[in-house]
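Read off the chains here:
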Amino acid sequence: MNAVIELLKQHRSIRKFRPDPIDQETVNALVEAGQCAATSSFIQACTVIQVDDQDLRTQLAECAGNQMYVATAPRFLVFCADMRRHQLACQMHGADMQSGYTEQFLTASLDCALFAQNVAIAAESLGLGLVYIGGLRNQIEHVSNLLELPELVYPVFGLCLGFPAQDPELKPRLPLDVVLKRDRYDDSQDHGAIARYDEQVLEYYRTRTGGSKEMSWSEQISGMLVKEARPHMLAFLQSRGFLKK
């Protein structure tokens, strides 16, 4: 193993941060690292909004389900899938942009995720901790209005950054043979592998919560996927110019 792989394998979500500030030069360097991520057809479809205003941070924390570390982390970034500048590029050349395609939504969203993961890895290499905030999509229209996002831009997730004030244990991941297939998709052995993995996750939650939470991975997933998953998202995205074709 090398240092980069070891760093990646030590990832944990951090939700408690020391008050130590992160200077703007560091934020700039992290975002520049994000820009170096792979980008589909060079579209570069990610915009990052650094939120410094404390009142705005508090409102975003409430939108995200009262995750108050959004308000208190030393830095908070919002990663937006952005096809707005591409509209401008077309206008610069007198071209009529054909927007609204599902493929454009996918490539912009994937660009955003790849960008953010570069930022995350760069941050952890500097000793910073982080947690992604998908909860912004709970009230995505309100979040978009707070950030004054125009058409063809939507907030994918946020990212809290700071020096860790906690040291949580690593959360076990699915067995390699469940996620790595060879030549074709074969899940004939997955039931048994997931059952064994369930025991690991059950023990992890018992240890982490002092016995107050006892839940396996498959139980957690089955409980989640019998519920609606942010059904407002489709109408919102269509209203902002995405997923129309």
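Just so we're clear, the structure is a prediction, and the values are computed from it rather than from any experiment.

Draft legend 1. View of unusual backbone geometry. Despite not being glycine, Phe42 has its phi angle at roughly 65°, a positive value. Within the fold, Phe42 resides in the loop between α2 (24-35) and β1 (46-50). With a relative accessible area of 62%, Phe42 lands in the exposed category. A positive phi angle, close to 70°, is found at Leu152, a residue other than glycine.

Draft legend 2. Expanded view of the nonpolar core. Ranked by internal contacts, the top residues of the largest apolar core, which has 34 residues, are Leu30, Phe79, Met83, Tyr154, Leu161, Leu237 and Phe242. If you list the elements that add at least two residues to this core, you get α2, β2 (75-82), α6 (102-125), β4 (153-162) and α11 (233-239). If sequence neighbours within four positions are ignored, Phe242 has contacts with Ala81, Met83, Gly100, Phe105, Leu152, Val153, Tyr154 and Leu237. Among the nonpolar cores identified, the runner-up in size contains 23 residues, and Cys63, Cys80, Val153 and Cys160 belong to it.

Draft legend 3. Looking closely at the side chain of His86. By the element assignment, His86 lies in helix α5 (residues 84-92). What His86 contacts, discounting residues up to four positions off in sequence, is Ile43, Gln44, Ala45 and Met97.

Draft legend 4. Region of the structure containing a nonpolar patch on the surface. On the surface, a cluster of nonpolar side chains totalling about 320 Å² of accessible area is made up of Leu176, Val179 and Leu180. Within the secondary structure, Leu176 is located in helix α8 (residues 176-179). Note on Leu176: relative accessible area 60%, which makes it exposed.

What counts as what
Residues numbered from 1 in each chain as written. Predicted model: local features only at pLDDT ≥ 70, side-chain atom pairs only at ≥ 80, totals over all residues. Heavy atoms only, no water. Helix = DSSP H or I, 4+ residues; strand = E, 2+ residues; numbered from the N terminus. Buried < 20%, exposed > 50% of the residue type's maximum accessible area, 1.4 Å probe, protein only. Core = buried A, V, L, I, M, F, W, Y, C linked by side-chain atoms within 4.5 Å. Contact = heavy atoms within 4.5 Å. Patch = residues over 30% accessible without salt bridge, like charges linked within 9 Å, V, L, I, M, F, W, Y side chains within 5 Å. Areas by Shrake-Rupley, 256 points an atom, 1.4 Å probe, with all protein chains shown as cover. Salt bridge = Lys/Arg side-chain N within 4 Å of Asp/Glu carboxyl O.

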